[in-house]
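Here are the chains, one letter per residue:
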Amino acid sequence: MDRSVSSPSLTTARRAGLVACRSCGIVSPFGTRACLRCGSRLESRDEASLQRVWAWLLAGLIVYIPANTYPMLRTTQLFQTSESTIVGGVVELVHHHAYAIAAIVFIASVVIPVGKFLVIGYLAVLLRRPHGQDPHKLHTLHTAVEFIGRWSMIDVFVVAILTALVQFDVVASVKPGLAAACFALSVVFTMLSAQAFDPRLIWDRIKEESPR
Amino acid sequence: MIFDPTCIACPNCDVLHKVAPAAVATRAKCAQCGYRLTSGRPEAIARVVGLALTSIILMGVVLFAPFLRLNAGPFGSAASVVDVVLGFATGIMVPLALSVLCFIIVLPVARAALLLYALSPIIAGVGNFPGAPAALRFAFSLKPWAMAEIFMVGVAVALVKLAGMARVEMGAAFWAFALFVLVNAFQDTFMCRNTLWTALSARRR
């Protein structure tokens, strides 16, 4: 570590009677409402954080069900219409031996969303009380979920592009199904859920002691 | 009230750090959780302004040039990025079309415009525009919602899916969009919160 940045005692802003701005980083006296530098709303710890995490997570989970049962794509080829769901589309790609693309779609629209539900749920359950876990591990989990969650949108964009390009009347045309909208909503809700997390809770509640 | 710009707290774990004013050129991580507190790039402001301007110009090309062209026997269809978005726009799919439009065009451009608004007066050496702090704050919070790079991966997947049934040609907008994604990725390496906020607030009073 360089000399020009020092943090000798690892004191938190909260213990020092200060409240930190999560947007620009500077600290203000405890009880300040808006950051003195950037004007964003200040809260030493976001007490309602876990409630919002659960609310968005549940909303995301609910719309994820129709996203999987309804068709994502409705393809018409020579008067024959076929519908494919998210998983059906992956299976189709495997049949066409496009394994790499099948893997990308499967990871983006099945593995990442399901993993996200599990990880956010795990963190939200764990952080209700002192957790005794390695905070670095939990922190990595949270960062990973926040970073990777938006990549689920790939499948929605694929549907959009195919719909726009494949429009040859009766010969071949592609229409989006209801699942595309549900899936997009699910991604947005789970992104909001991950953002609602106050990561400072991870470091506060390691052991049984109330900070300040 | 006066704040102390050399005392910052880690946004992830709340640990206090003292950053010397001369520390602009050093990289530093949070001693507890490893969060990158400063990226040590004093040239960040100029780079961010230049790259934001570049990406707005590129997006202009994207909007008014053909994106992809599909040839399948006697049939051909060309799609601009706007077509791609309007592909959804029937009935209940309209809200989805609008949000896709936001994710791939409106929000990435808004982010670049906000950065220009907040930071270009620093380069020009004039006083900050009104609401500059709010603009910079929004630019940071828009980041996860600007999904241009994800759209590009989606294009790649779609092209492979189509490869069997038709020939696809990339138009000028395709390459402009690819460049836009690269410029954005490069710009993000300079988006150091500490550097940008320190520069913005140093000139306010």
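Predicted model, so just to flag it, every value in this text is computed and none were measured.

What counts and what doesn't
- Residues numbered from 1 in each chain as written.
- Chains lettered and ligands numbered in written order.
- Predicted model: local features only at pLDDT ≥ 70, side-chain atom pairs only at ≥ 80, totals over all residues.
- Heavy atoms only, no water.
- Helix = DSSP H or I, 4+ residues; strand = E, 2+ residues; numbered from the N terminus.
- Buried < 20%, exposed > 50% of the residue type's maximum accessible area, 1.4 Å probe, protein only.
- Rg over C-alpha atoms; globule rule 2.2 N^0.38 Å.
- Contact = heavy atoms within 4.5 Å.
- Areas by Shrake-Rupley, 256 points an atom, 1.4 Å probe, with all protein chains shown as cover.
- Pairing = 2+ DSSP bridges.
- Domains from an automatic or database assignment.
- Salt bridge = Lys/Arg side-chain N within 4 Å of Asp/Glu carboxyl O.
- Nonpolar A, V, L, I, M, F, W, Y, C, P; charged D, E, K, R; others polar.
- Buried area = accessible area lost by both parts, 1.4 Å probe.
- Polar contact = N/O pair within 3.5 Å; in protein donor to acceptor, adjacent residues only side chain to side chain.
- Core = buried A, V, L, I, M, F, W, Y, C linked by side-chain atoms within 4.5 Å.

Participant: Help me understand the overall build of chain B in this model?
Facilitator: The number of helices and strands found in chain B is seven helices and seven strands. In chain B, the succession of helices and strands from N to C terminus is β-β-β-β-α-β-β-α-α-α-α-β-α-α. Overall size of chain B, expressed as C-alpha extent along the three principal axes, is 70 × 40 × 35 Å. Looking at chain B as a whole, 50% of its 205 residues are labelled buried.

Participant: Whenever I open this one, the overall build of chain A confuses me. Can you help?
Facilitator: Helices and strands together make up the secondary structure of chain A, namely seven helices and seven strands. Of the regular secondary structure in chain A, the N- to C-terminal order runs β-β-β-α-β-β-α-α-α-α-β-β-α-α. Whereas a compact globule of 212 residues would reach a radius of gyration of roughly 17 Å, chain A reaches 22 Å, over 25% beyond that. In terms of principal-axis extent, the alpha carbons of chain A reach across some 70 × 35 × 35 Å. Taking all 212 residues of chain A together, the buried fraction comes to 53%. Put simply, 65% of the contacts in chain A that link residues at least 6 apart link residues at least 24 apart. Accessible surface, chain A: about 10100 Å² in total, of which carbon and sulfur atoms supply 62%.

Participant: Just checking my understanding: could you explain the pairing of strand β2 (residues 16-19) of chain B for this structure?
Facilitator: Each regular strand shows side chains that alternate between the opposite faces of the sheet. Residues and elements named next belong to chain B. For strand β1 (residues 7-9) and β2, the ladder comprises three bridges, and the chain directions are antiparallel. For Ile 8, the partnering residue across the bridge sits in β2 and is His 17. The loop that links β1 with its antiparallel partner β2 comprises six residues; one of these, Asp 14, has a positive phi angle of about 75°.

Participant: Quick question: what am I supposed to make of the domain arrangement of chain A here?
Facilitator: Size of an interface, as often reported, equals the accessible area lost when the parts are brought together. All names here are of chain A. Each assigned domain of chain A is listed here: domain 1 (1-44) and domain 2 (48-204). Its C-alpha centre places domain 1 at a distance of 35 Å from the equivalent point of domain 2. Counting the contacts that link domain 1 with domain 2 gives zero salt bridges. Grouping the amino acids of the side of domain 1 that touches domain 2 by side-chain chemistry returns one nonpolar, one polar and two charged.

Participant: Mind showing me how you'd approach the sheet that holds strand β5 (residues 80-84) of chain A here?
Facilitator: Within a beta sheet, neighbouring strands are joined by backbone hydrogen bonds and run either parallel or antiparallel to one another. All names here are of chain A. The strand order across the open sheet formed by four strands is β5-β4-β7-β6, and the pairing between neighbours is antiparallel. Of all strands in the sheet, those with a lone pairing partner are β5 and β6 (167-168), marking the two edges. The sheet contact formed by β6 and strand β7 (residues 172-176) spans two bridges and is antiparallel. Note on β7: the bridge partner recorded for Phe 168 is Ala 172.

Participant: Is there a simple way to explain the domain arrangement of chain B in this structure?
Facilitator: Residue and element names in this part refer to chain B. Considered domain by domain, chain B is made up of domain 1 (1-40) and domain 2 (48-202). If you average the C-alpha positions of domain 1 and of domain 2, the two centres end up 31 Å apart. Listed per partner, the contact involves eight residues of domain 1 and six residues of domain 2. Counting the surface lost from both domain 1 and domain 2, the interface buries some 480 Å², and carbon and sulfur atoms represent 53% of this. In this structure, the connection of domain 1 to domain 2 is made through zero salt bridges. In this structure, the connection of domain 1 to domain 2 is made through zero residue pairs in polar contact (both at pLDDT 80 or more). Considering every element that reaches the side of domain 1 that touches domain 2, the biggest residue donor is strand β4 (residues 36-39), with three residues. Its residues placed into classes, the side of domain 1 that touches domain 2 shows six nonpolar, two polar and no charged.

Participant: Would you mind going over the interface of chain A and chain B with me for this structure?
Facilitator: Each side of the interface is counted separately: chain A has 65 residues, and chain B has 66 residues. Around 5900 Å² of area is buried between chain A and chain B when both sides are counted, 73% of it from carbon and sulfur atoms. Of all residues in chain A, A:Arg37, A:Phe157 and A:Leu165 bury the most surface against chain B, accounting for 13% of the area lost on that side. Remark: the boundary between chain A and chain B carries two salt bridges. The tally of links from chain A across to chain B stands at 13 residue pairs in polar contact (both at pLDDT 80 or more).

Participant: Explain the pattern of salt bridges here, please?
Facilitator: A side chain with one charge may pair with a side chain of the opposite charge, provided their charged atoms come close. Inspection of every chain in the model, using the stated rule, returns ten salt bridges over all chains. Of the charged contacts in the structure, one is a salt bridge between A:Arg45 and B:Asp14, with a shortest N-O distance of 2.9 Å. Separated into two different chains, A:Arg45 in the loop between β3 (27-29) and α1 (49-69) and B:Asp14 in the loop between β1 and β2 make up a pair that spans both. No difference in accessibility class separates A:Arg45 from B:Asp14, as the two residues are buried. For A:Arg74, the salt bridge is made with A:Glu83, and the minimal N-O distance between the two is 2.7 Å. Owing to a relative accessible area of 33%, A:Arg74 belongs among the partly exposed residues under this scheme. A single network of salt bridges, built from pairs that share partners, joins A:Arg45, A:Asp204 and B:Asp14.

Participant: Quick question: what am I supposed to make of the nonpolar core here?
Facilitator: Soluble, globular proteins show a tendency: their nonpolar side chains are buried together. Counting 133 residues, the largest nonpolar core has A:Met153 and B:Leu119 as the members making the most contacts within it. Per element, the largest residue contribution to this core is 13 residues, and it comes from helix α3 (residues 94-124) of chain B. Once you skip the residues sitting within four places of it in the chain, B:Leu119 turns out to touch B:Ile45, B:Val48, B:Val49, B:Leu136 and B:Leu196. Of all hydrophobic cores here, the second largest spans six residues; its members include A:Ala13, A:Ala20, A:Val27 and B:Cys7.

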